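# Examining the three-dimensional arrangement
Residues per chain are reported as follows:
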Amino acid sequence: MESCDLGDRQHGPVWHRKPGPAAPRGVLVNIIHSVKGYHSKTIRFLNVAFDSTGDSLLAGDYQGNIYVFDLNGNRFSLVQRTMQACTALAFNLRRKTEFLVALADYSVKCFDTETKEVVSWMRGHDSSVTSISIHGSGRYAITTSTDTAQLWDLDTFQRKRKLNVRQSVGIQKVFFLPLSNTILSCFKDNSVFAWEFDTLQCKYRLPTPVEGSALRYKAFAVTRDGRIFVAGGKSNQLHLWCLESKQLTRIIQMPAKVRAVRHLEFLPDSFDGGSSQPLPPTFKVVEDWSKCTSEANKLTTRVTSGRSKRPCKSKGSKIQTRLMKLHVNTSLENKENELPGGLNKKRLRALLKGFGEYPAKYRMFVWRSLLQLPENHLAFSSLIDKGTHSAFVNIQNEYPIKNRKLLRVLQRTLSALAHWSAIFAETPYIPLLAFPFVKLFQNNQLICFEAVATVVVNFCQHWFEYFPNPPVNVLGMMENVLAYHDKELLQHLIKYNVTSQVYAWPLLETLFSEVLTREEWLKVFDNIFSNHPSYFLMIIVAYIVCSRAPLLHCNQTADFEYFFHHRNNLDINVVIKEAYHLMEATPLDIHPQRMLDDFIPLTKGQYPVFNKYPKFIVDYQTQERERIRQDEIEYLRERQLAHELEVKAQEQKAEDEAWHRKQEILREAEEQRRKMLLEEEEKLAEQRQRLAAVKRELKVKELQLLDASRRRFLKYQQDQRQMELKRLNDEIMRKASMREQEIAATVQDVEVRWMELESQRQLFEQHLIKDQETVKKEMKEEVDAHRRKVDLEDHLVQRLMKIHREDKQKPQIVAEENLAQAEQKLLDTDWRLQALHKLRHDDQAREKRYEEIAKLLHDNRVKEAELLKAMREAEEKKWEEVIQKKAQLEEEQKAAAAADEHRKQFLEGRMNEALEVAEKLQREDGYFERLCNLKTGCTERGVELQQGPRSENICLNDLSLSESSSHDRRQEDLACQEWELMAEVRRLRQKLTSRARARHPPARLPATPWTP
């Protein structure tokens, strides 16, 4: 046993001498990964995954290193370092260079072995992924953990569905069944369910194991054909189910020391795919003895239908194995594999798998053995003696072959086929089908004929059922397989209307002879003859699938036709491997093996009758060919008669030529005149047509000119209107600006005029105030004089009168001022209300006011002149009244002076009388002295009163009590007249102001807000 230590190498050979296919069974090589250093150690591999062919495998260790081992190429390489342990691997994706890795962080990654890059990163599990199952098409994957199973689309790497279970149940494994669209789910409670992949509906559930069984399923395995299912767990028993009948068929008892089964694996024989075994095939069991010594912890047991083998065992102790016996009939299988010439079909397949082809020296012998040719010399001679068939008499015209011998052998072989069965005489592609074998067996015509006949009978089944059309049923089977394995390519072909008659039928009818070289063709037919007839259809589908890259770039029907009729740069070994993969991965419901019969060799002595075609069509075509031959004979006879008649006709023609010549001259003259007339008529018609065309052109030009002039006129009108609108707009803008300027000037004029009136009013008020001050000053002087004059006589009476007068005047003045202010406020309020009202209607009456503004200004000037005249007249009237009042005041002053004189005389008379009475009382208590003092004081006061009025040109000696009271009355009258005059002036001002505002309302200034 050879050992391979990977060490620090990233690539290298697996072994130094590759074992051959016939090497004894056992361990071929022991692969380890050790790290050398201060602490040398060996890194354990955790998971391994093989591809569909078994030629390559993936291995991942607990440090995250993933290696790919090519067993055929004797190479290994490090494809990825994930830096964490991998828990599961999968290698059978649709893209052969990609693989899936489940990591310890609960994620699944897809890597490419060539580029060594991450293709996708899939997340969604909450616990470690324990298994990955790939669908047979390689487009879908199922990842399983203890709590969930998830279905992924490997084209988009998106999760499609998710299976959740209760935590108490748990999932053991979920995987695809081979060759079907069924998903099998196994749970910890020993329940097994089957689900339909397309709809994810439950198809069935396997029955519960035997009552009282303590078996807990841990390991599962299924045969390659998906018919038998085996399960094992914490027990020494294995349960075997038949998935077709859904029944538990066998219980296999393992040795007593076996405590648990860790892994199960079926070991099918070569080339059978697990489908040719009528009974459960051999499988491998990895057992776990948990309570044995460390050297006997693991044991690999090979369990077959009739024996049990252990390749390695650590101790010499004998282990008893009890197995439920299965009735096996191996003689039938051995008989089927035995071939003529002492060859065995299984051994030939093993040889073919090992070397890829049969030895060229013995190929023809192997083919004769595989095809089991009977070599019926007599029967073949009878077919040859019938001669060349009428259908192939002129075959050299259709197939110009330079080699005369090869052409003659091809003609004889085709004629023998046509004499054997009439269908081959009518089949147009039979020369293309037979030519490769004719070229191979041209020295042995018997073998050539029987090889072609065997191929037609076995590998061309159902081809002639739709004659003369291509075999639609066979093409449909291949299209179904292509749709299942590469739907994208099929959709591309359908998109460009490329049917199976374009991409499959050329390969079928020529048996790949147009697209393959001689060596490639021989290698392909080595595999075709060694397998079931359905393999021929599968290899055509594999050729199409392997050519998907150039086909996806084609977009013309001619490109597709050229591709399938010429050689292409394609590795035929890849095509062969892909065909084996399709044989294994195609479901049974669409597998061609279900529609095609097994290989049946030709019978010895006489060849079998070949009538698997629509006989009435072939007979009809034969009859039609015979009818055509008779028609050809009749045609030859009629042609001879026609020749004789032609001679007689020539003689008759010579006689009639003279007459015809004369008639011809006359006819030519007539024809000449008729031609001249027709030419004149044609010329006239052409002239009329030209005239009509000229008229039509003139009319069109006229219409065009009219239309152009109309458009120009419309454009001119439009321009004129635009100019008019622009002019009007400019005029409106100019008038608006002028109006605004006029309004602003008018407003300024009104404000100036108002300021002038206000200044005149203030000046007039100042004059009035000055006059009032002058009058008040004079009155004050008079009042002071009067007060000093009457102080001695009637102080209390004057004081009361003064108080009464002041109390009467003050409320009156206050009331008048308040009334004036209220009236002023009322006027202001009315003015503002009117202004607001006018502002609301300003837009409507603006044009009218602008027209009246000049007139109003003129009227305003006139009114102002009238107002000034009226004020002057009022002023003159007031001055006249003042003069009159002054005259009246002088008269009253004179009357007061007379009254004062009279009062003086009265006081002097009374004083004299008092003195006289006092003289009489002199003797009583000094009364006389007091009177004298009183007289002296009165005299002194009289002197003072006489001196005071003189300074004012008034004589106090003439004053009296009646004159003082009349003076007070006059003073009150003057004060009343003064207040009336001031009220009249205010009323006049208010009236003029309201009249002016009513006639000249203030302009509306939009930018100036109104405030009370």
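## Let's talk about the side chain of Ser34
Residue placement: Ser34 occurs in strand E4 (residues 34-35). The buried category is assigned to Ser34, whose relative accessible area is 13%. A distance of 2.5 Å separates a polar atom in the side chain of Ser34 from a polar atom in the side chain of Asp5.

## Points about the sheet that holds strand E18 (residues 171-176)
Strand order in the open sheet made by the four strands is E18-E19-E20-E21, with antiparallel pairing throughout. Every other strand in the sheet has two partners, leaving E18 and strand E21 (202-205) as the edge strands with one partner each. Each strand axis lies, on average, 20° off the axis of its neighbour in the sheet, ignoring direction. Where strand E19 (residues 182-187) lies against strand E20 (residues 192-196), five bridges are found, and the strand directions are antiparallel. For Ile183, the partnering residue across the bridge sits in E20 and is Trp195.

## Concerning the pattern of salt bridges
Applying the stated criterion across every chain, the model contains 26 salt bridges. With a closest N to O distance of 2.6 Å, Arg548 and Asp486 form a salt bridge. A residue pair is termed long-range when its members are at least 10 positions apart, and Arg548 in helix H16 (residues 548-553) and Asp486 in the loop between helix H10 (472-485) and helix H11 (487-495) qualify at 62 residues. Between Arg711 and Asp707 there is a salt bridge, and its shortest N-O distance comes to 2.8 Å. Of this pair, Arg711 and Asp707 both sit in helix H19 (residues 615-790), four residues apart, which is roughly one turn of that helix. Judged by relative accessible area, which is 56%, Arg711 ranks as exposed.

## Remarks on the pairing of E21
Sheet analysis places E20 next to E21, joined by three bridges and oriented antiparallel. Paired with Trp195 across the two strands is Cys202, which belongs to E21. Counting the residues between successive antiparallel strands, the hairpin from E20 to E21 contains five residues, one of them, Leu200, with a positive phi of roughly 55°.

## What to know about helix H9 (residues 445-459)
Think of an α-helix as turning once every 3.6 residues; residues three or four places apart then point the same way. In a regular helix each residue adds 1.5 Å, so 15 residues correspond to 21 Å; H9 covers 20 Å between its end C-alpha atoms and thus fits that length. Counting buried positions over the 15 residues of H9 gives 14, a clear majority of the element.

## Overview of empty space enclosed by the protein
On inspection of all chains with the given rule, the structure shows two cavities of 30 Å³ or more. Of the volumes computed, that of the second largest cavity is approximately 40 Å³. In terms of lining, the second largest cavity is formed by Asn458, Phe459, Cys460, Gln461, Trp463, Val474, Pro533, Phe536, Leu537 and Leu596. Breaking the lining of the second largest cavity down by element, the ones donating at least two residues are H9 and helix H15 (534-546).

## Comments concerning a positive patch on the surface
Taken together, the side chains of Lys188, Arg216, Lys218 and Lys234 make up a positively charged region of the molecular surface. Structurally, the position occupied by Arg216 is in the loop between E21 and strand E22 (217-222).

## Observations regarding a nonpolar patch on the surface
On the surface, Phe713, Leu714 and Tyr716 cluster together to form a nonpolar patch covering roughly 320 Å² of accessible area. Topologically, Tyr716 is positioned in helix H19.

## Focus on unusual backbone geometry
One non-glycine residue, Phe157, lies in the positive phi region at around 55°. Note on placement: Phe157 falls in the loop between strand E16 (148-153) and strand E17 (158-164). Overall, the relative accessible area of 12% leaves Phe157 in the buried class. In the Ramachandran plot, Glu375 falls in the positive-phi region, its phi being about 55° despite a non-glycine side chain. A relative accessible area of 29% means that Glu375 is categorised as partly exposed.

Here is what the cut-offs are and how they apply
Residues numbered from 1 in each chain as written. Predicted model: local features only at pLDDT ≥ 70, side-chain atom pairs only at ≥ 80, totals over all residues. Heavy atoms only, no water. Helix = DSSP H or I, 4+ residues; strand = E, 2+ residues; numbered from the N terminus. Buried < 20%, exposed > 50% of the residue type's maximum accessible area, 1.4 Å probe, protein only. Polar contact = N/O pair within 3.5 Å; in protein donor to acceptor, adjacent residues only side chain to side chain. Pairing = 2+ DSSP bridges. Axes fitted to C-alpha atoms, helices over the stretch in contact; angles between N-to-C directions. Salt bridge = Lys/Arg side-chain N within 4 Å of Asp/Glu carboxyl O. Expected span 1.5 Å × (residues − 1). 1 Å grid on protein atoms, 1.4 Å probe; cavity = no way out; pocket = protein on both sides within 12 Å on 5 of 7 lines; lining within 4 Å. Points joined across faces, edges and corners; volume = space filled by probe spheres on them. Patch = residues over 30% accessible without salt bridge, like charges linked within 9 Å, V, L, I, M, F, W, Y side chains within 5 Å. Areas by Shrake-Rupley, 256 points an atom, 1.4 Å probe, with all protein chains shown as cover. Lys, Arg positive; Asp, Glu negative; His and termini not counted. Charge placed at Lys NZ, Arg CZ, Asp CG, Glu CD.

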